[in-house]
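Residues per chain, in single letters:
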Amino acid sequence: MILGHLNDAYKYSGQVRLDFSSNCYNHANLTWLKMFMAERMECIRQYPEPEPFRLEEMIADQLGISPDNVMVTNGCTEAIYLLAQLFRGYTSIIPQPTFHEYANACRVHCHIISYENNDEVEHLSDDRLYWICNPNNPTGNVLMKGFMDYTIRQQQQHIFIIDQSYEFYTNAPLLVPREVIDLPHVILLHSLSKQYAVPGLRLGYITANPSIIHRLREIRQPYAVSNMAIEAGCWLVEHGTSGLPELDSYLVEADRLRNELNQIASIRIFDTKSCFMLGQIEGSTANELRHYLLQEHSILIRDCSSFTGLTNQFFRITAQTPSEDNQLIEAIKAYIV
């Protein structure tokens, strides 16, 4: 059984007061969306569209591309598994550390998996997929747009799956769908769930050349996206209400949090281009720190020891409000002392 990417806040219902474990911002104002959805509850009596074409058309219009270039999925996770299925048996190159689901999906569909050892890559099949998370989870690093554009245009014999789920959590320039949809070997992943800070809705989408979208539609299950998710997605796209605070200010706060934590002995927080960041603790484990924060302060962080290439000292946090970030800082100080 594949348990997903181990975000386990659901295990601690009522126990978590402050959640830093998810990469999402926790304070999106969802008042108007909730009011709208309360009026649309009757939609649960009906089957959804076999394919969420209405939402796809709205997204395409917003991006300035054709609906033939867009496929809405049940979160980006469905997109990842569909793509692994479409290219079943390929060699997948997955630079580490990164999101678990790429490797999970590739194992299910019998890929040869490489973690980008240069000596190894030279001997791999030409039927390759490169899985690139940008901004990367869990590090928050971002590959420069110019570098990405050059790479994909120079290596058109390989497939590039570029997951930009956190594109709204950075101000670094990234690939734009309308600039690359003419390339049949480039597939971009996006997340409405992350954009509007509503991960429970499970709304992602793919932008790609129509030839790829057509092949994906042939293998996906009908009714994959629920009526409630479609209704909410259409409302969010139409009204454009961001689930995030003003980005520049939010990133300044994330940088403050990183700098404050780096002043604590035994704690190292790595550079990031996003609002989430990777940390390392010395003289203890991330799980021990996590357990202390949960039991003593009702604060949840993400233990990153399950990420390939990381040890049991690594953890991930996401900046929240200044007040909450200060509470996290003080709680970690208390643990170190």
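This report concerns the structure included in the present document. (Residues numbered from 1 in each chain as written. Predicted model: local features only at pLDDT ≥ 70, side-chain atom pairs only at ≥ 80, totals over all residues. Heavy atoms only, no water.)

## Considering the pairing of strand E5 (residues 128-133)
Step number 1: Across the six residues that make up E5, a large majority, six, are buried.
Step number 2: In E5, alternate side chains face the same way, and those of Arg 128, Tyr 130 and Ile 132 on one face and Leu 129, Trp 131 and Cys 133 on the other are all buried.
Step number 3: Strand direction decides the pairing type here: strand E3 (residues 91-93) and E5, joined by three bridges, are parallel. Following the sheet pairing, Ser 92 is matched in E5 by Leu 129.
Step number 4: Relative to strand E6 (residues 159-163), E5 runs parallel, the two sharing five bridges. Note on E6: the bridge partner recorded for Cys 133 is Asp 163. (Buried < 20%, exposed > 50% of the residue type's maximum accessible area, 1.4 Å probe, protein only. Helix = DSSP H or I, 4+ residues; strand = E, 2+ residues; numbered from the N terminus. Pairing = 2+ DSSP bridges.)

## What about the environment of Pro 222?
Step number 1: You can see Pro 222 is positioned in the loop between helix H9 (210-219) and helix H10 (227-239).
Step number 2: Residue Pro 222 is classed as exposed on the basis of its relative accessible area, which comes to 52%.

## Points about unusual backbone geometry
Step number 1: Here the bond from Gln 96 into Pro 97 is cis, since omega is -5°, no more than 30 degrees from zero.
Step number 2: Here Pro 97 is to be found in the loop between E3 and helix H4 (100-108).
Step number 3: Here Asn 137 and Pro 138 are connected by a cis peptide whose omega angle stands at 25°.
Step number 4: The backbone of Cys 110 shows a phi angle near 60°, a positive value even though the residue is not glycine.
Step number 5: With respect to the secondary-structure elements, Cys 110 resides in the loop between H4 and strand E4 (112-114).
Step number 6: Note on Cys 110: relative accessible area 46%, which makes it partly exposed.
Step number 7: With a phi close to 55°, Ala 197 is a non-glycine residue in the positive phi region.
Step number 8: If you trace the backbone, Ala 197 turns up in the loop between helix H8 (192-195) and strand E8 (203-208).

## Regarding the packing of aromatic side chains
Step number 1: Taken as a whole and judged by the stated rule, the model has eleven aromatic pairs.
Step number 2: These aromatic residues form a ring-pair network of at least three members: Phe 99, Tyr 102 and Trp 131. (Phe/Tyr/Trp six-rings, centres within 6.5 Å; stacked < 30°, edge-to-face > 60°.)

## Observations regarding the side chain of Ser 22
Step number 1: As for its placement among the helices and strands, Ser 22 is situated in the loop between strand E1 (18-19) and helix H1 (31-39).
Step number 2: A relative accessible area of 12% places Ser 22 in the buried class.
Step number 3: A distance of 3.1 Å separates a polar side-chain atom of Ser 22 from the backbone nitrogen of Cys 24. (Polar contact = N/O pair within 3.5 Å; in protein donor to acceptor, adjacent residues only side chain to side chain.)

## Remarks on the nonpolar core
Step number 1: Counting residues in hydrophobic clusters, the biggest one holds 34 residues, and the most contacted among them are Leu 261, Leu 293, Ile 301, Phe 315, Ile 317 and Leu 328.
Step number 2: Only helix H11 (247-262), strand E9 (267-269), strand E10 (276-281), helix H12 (286-297), strand E13 (314-318) and helix H13 (322-336) provide two or more residues apiece to this core.
Step number 3: What Leu 261 contacts, discounting residues up to four positions off in sequence, is Ile 267, Ile 269, Ile 317, Ile 329 and Ile 332. (Core = buried A, V, L, I, M, F, W, Y, C linked by side-chain atoms within 4.5 Å. Contact = heavy atoms within 4.5 Å.)

## Side note on the packing of helix H2 (residues 53-63) against H10
Step number 1: In contact at an axis separation of 9 Å, H2 and H10 are set at 20° when each is read in the N-to-C sense. Relative to H10, H2 is oriented roughly parallel. Where H2 crosses over H10, the handedness of that crossing is left-handed. Counting all contacts with H2, which are made through Arg 54, Leu 55, Met 58, Ile 59 and Gln 62, the residues of H10 involved are Ile 230, Glu 231, Gly 233, Cys 234, Val 237 and Glu 238.
Step number 2: Per-class residue counts for the contact of H2 with H10 are six nonpolar, two polar and three charged. (Axes fitted to C-alpha atoms, helices over the stretch in contact; angles between N-to-C directions. Parallel < 35°, antiparallel > 145°, perpendicular 65-115°, else oblique. Left-handed = near helix turned anticlockwise from the far one by under 90°. Nonpolar A, V, L, I, M, F, W, Y, C, P; charged D, E, K, R; others polar.)

## Here we look at the sheet that holds E13
Step number 1: Taking strand neighbours across the sheet as the criterion, the four strands line up as E9-E10-E13-E12 in an open arrangement whose pairing is antiparallel. The open sheet has two edge strands, E9 and strand E12 (302-303), and neither has a second partner.
Step number 2: Judged from the three bridges that link them, E9 and E10 form a sheet pairing that is antiparallel. Bridge assignment links Ile 267 to a residue of E10, and that residue is Ile 281.

## Some words on the pattern of salt bridges
Step number 1: Within this structure, the stated rule accounts for 14 salt bridges.
Step number 2: Among the salt bridges present, the one from Arg 45 reaches Glu 42, with a minimum N-O distance of 2.6 Å. A single burial state applies to Arg 45 and to Glu 42, both of which are exposed.
Step number 3: Across the pair Asp 149 and Arg 153 runs a salt bridge, and its minimum N-O distance is 3.0 Å. Of this pair, Asp 149 and Arg 153 both sit in helix H6 (residues 145-154), separated by four residues, roughly a single helical turn.
Step number 4: A single network of salt bridges, built from pairs that share partners, joins Glu 51, Glu 56, Glu 78, Arg 217 and Arg 220. (Salt bridge = Lys/Arg side-chain N within 4 Å of Asp/Glu carboxyl O.)

## Remarks on the side chain of Asn 137
Step number 1: Topologically, Asn 137 is positioned in the loop between E5 and H6.
Step number 2: One polar contact links Asn 137 to Asn 23, side chain to side chain, over a distance of 3.3 Å.
Step number 3: Looking at Asn 137, its side chain comes within polar contact range of the side chain of Arg 316, at 2.8 Å.
Step number 4: When sequence neighbours within four positions are dropped, the list of residues in contact with Asn 137 reads Asn 23, Pro 97, Thr 98, Phe 99, Tyr 166, Phe 276, Phe 307 and Arg 316.

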